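What follows is the residue order along each chain.
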Amino acid sequence: MVVAEVPKLASAAEYFFKMGVEGKRFRPTVLLLMASALNMPIPQSAADGVFGGLPKELRTRQQCIAEITEMIHVASLLHDDVLDDADTRRGIGSLNSVMGNKLSVLAGDFLLSRACVALASLKNTEVVSLLATVVEHLVTGETMQMTTTSEQRSSMEYYLQKTYYKTASLISNSCKAIALLAGQTAEVSVLAYDYGRNLGLAYQLIDDVLDFTGTSASLGKGSLSDIRHGIVTAPILFAMEEFPQLHEVVDRGFDSPSDVDIALDYLGKSRGIERTRELAAEHANRAVEAIDALPESDDEDVLISRRALVDLTHRVITRTK
């Protein structure tokens, strides 16, 4: 899908799909497991709208959602790296540092347009609408992060809304798309969505913790890239609740390294890291509840896939990188 006629665009678009830098492929893994987890007979009323619901054809269509999702994700990484002026990504030079901003923006646009073509080929307007909304959410979330008032910067509600748009919307709406393509009921589609939403939020909350702790449990061992870019995340927001004097430091925007040190000092004295982990665990548990609420099945493959989805929620909150 990412092959282009112009060589320069081709090498740019294929940059993060090459062997060795393909990333964790976390989203496609979740989506293909979700497809198997929902592989069960569907109520007749819901089945009326499904044409030739052959398992093989359905699986191919669901796999297409996984492909589209990964393309949207990589496109957002290319554009984010331009916005952040990033030097590295996945252990190699970021595309913008290797080929320049212009080509990175165009490569991201190209991936999005290829995703749109693939999406249209599924001929399911509800699925098209879901994933088009995701792209809008990615833009909205990034803009929310760039343009914050002092009040918004210290609001947990604003932070969680931004996090949903930037991280959780893609996986939640893609999970829902997997259910819709299978002709599942509205109830089952919402459960698939809930799983993705809560998994995505838990994932990002742990990312926020690791930005401070890195692979060790001790503070200041992470890359501290968020706070150095003036981005306030959950651990600092929780610390601010305990130490209101952190507000004025946050308002200054962490331009000076000494402010970063002061914030880290307060964070260390607070339960910020702990409470962020607790909130992540809460979302992970909600994701598990969504899987447990799916219609019963005695199919071995279905059960294995559901167990794997539950297992993923534990991996997300116990990971150290």
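See above for the structure.
Along each chain, numbering runs from 1 in the same order as the chain's sequence is written. At least 70 in pLDDT is required for a residue's local features to be given in this predicted model, at least 80 for side-chain atom pairs to be given and counted, and no such filter applies to totals for whole chains, interfaces and linings, which use all residues. Just so you know, side-chain values use all the structure's heavy atoms and leave hydrogens and water out.

## Section: the packing of helix α10 (residues 186-213) against helix α12 (residues 234-242)
- Working convention: axes come from line fits to C-alpha atoms, limited for helices to the stretch in contact. Angles between N-to-C directions cover 0 to 180 degrees. Secondary structure follows DSSP: runs of H or I at least 4 residues long count as helices, runs of E at least 2 residues long count as strands, and numbering of each begins at the N terminus. Two elements in contact, α10 and α12, have axes separated by 8 Å at closest approach and are oriented at 80°. Relative to α12, the element α10 is oriented roughly perpendicular. Contacts between α10 and α12 pair L205, D208, V209 and F212 from the former with A234, P235 and I236 from the latter.
- Partitioning the contact of α10 with α12 into residue classes produces six nonpolar, no polar and one charged. Orientation is classified from the angle alone, with under 35 degrees giving roughly parallel, over 145 giving roughly antiparallel, 65 to 115 giving roughly perpendicular, and any other angle giving oblique. In what follows, a contact means two residues having at least one pair of non-hydrogen atoms within 4.5 Å. Residues are grouped as follows: Ala, Val, Leu, Ile, Met, Phe, Trp, Tyr, Cys and Pro are nonpolar; Asp, Glu, Lys and Arg are charged; every other residue, Gly included, is polar.

## Some details on helix α16 (residues 300-318)
- Here α16 spans 27 Å end to end across 19 residues, near enough to the 27 Å set by a 1.5 Å rise per residue.
- Those residues of α16 not exposed but buried are V302, S305, R306, L309, V310, L312, T313, V316 and I317. End-on view of α16: buried residues confined to an arc of 140°, all on one side of the axis. Residues D301, R315 and T318 are exposed on α16 and point more than 90 degrees away from its buried face.
- N or O atoms within 3.5 Å of each other form a polar contact, as long as, within protein, one can give a hydrogen and the other can take it, and as long as residues adjacent in sequence are counted only when both atoms are side-chain atoms. Structurally, the start of α16 carries an N-cap: the backbone nitrogen of D301 is 2.8 Å from a side-chain oxygen of D299. Expected helix span is computed as 1.5 Å times (number of residues minus one). Note on exposure labels: buried denotes an accessible area under 20% of the residue type's maximum, exposed denotes more than 50%, and partly exposed covers the range between, all computed with a 1.4 Å probe on protein chains only. The directions from the helix axis to the C-beta atoms are what the arc is built from.

## Topic: the pattern of salt bridges
- For this document, the term salt bridge refers to a Lys or Arg side-chain nitrogen within 4 Å of an Asp or Glu carboxyl oxygen. Applying the stated rule across the entire model yields 10 salt bridges.
- Among the ionic pairs, R319 bridges to D207, the shortest N-O distance being 3.0 Å. Linking R319 in the segment after α16 with D207 in helix α10, this pair joins segments that are 112 residues apart in sequence.
- Residue D207 is classed as partly exposed on the basis of its relative accessible area, which comes to 29%.
- With its nearest N and O atoms 3.6 Å apart, the salt bridge here joins E300 to R307.

## A look at empty space enclosed by the protein
- Cavities and pockets are defined on a 1 Å grid built over the protein atoms alone: a cavity is a set of grid points where a 1.4 Å probe fits but cannot escape, while a pocket is an open set with protein on both sides within 12 Å along at least five of seven lines, and lining residues are those with an atom within 4 Å of any such point. Grid points are joined across faces, edges and corners, and a volume is the space filled by probe spheres set on the points. Tallied over the entire structure, the rule returns one cavity of 30 Å³ or more.
- Taken as a whole, the largest cavity spans an internal volume of roughly 60 Å³.
- For the largest cavity, the full set of lining residues is F26, R27, T167, I171, L199, G200 and Y203.
- Mapped onto the lining of the largest cavity, the elements with two or more residues apiece are α2 (26-37), α9 (156-181) and α10.
- Partitioned by chemical class, the residues of the lining of the largest cavity number four nonpolar, two polar and one charged.

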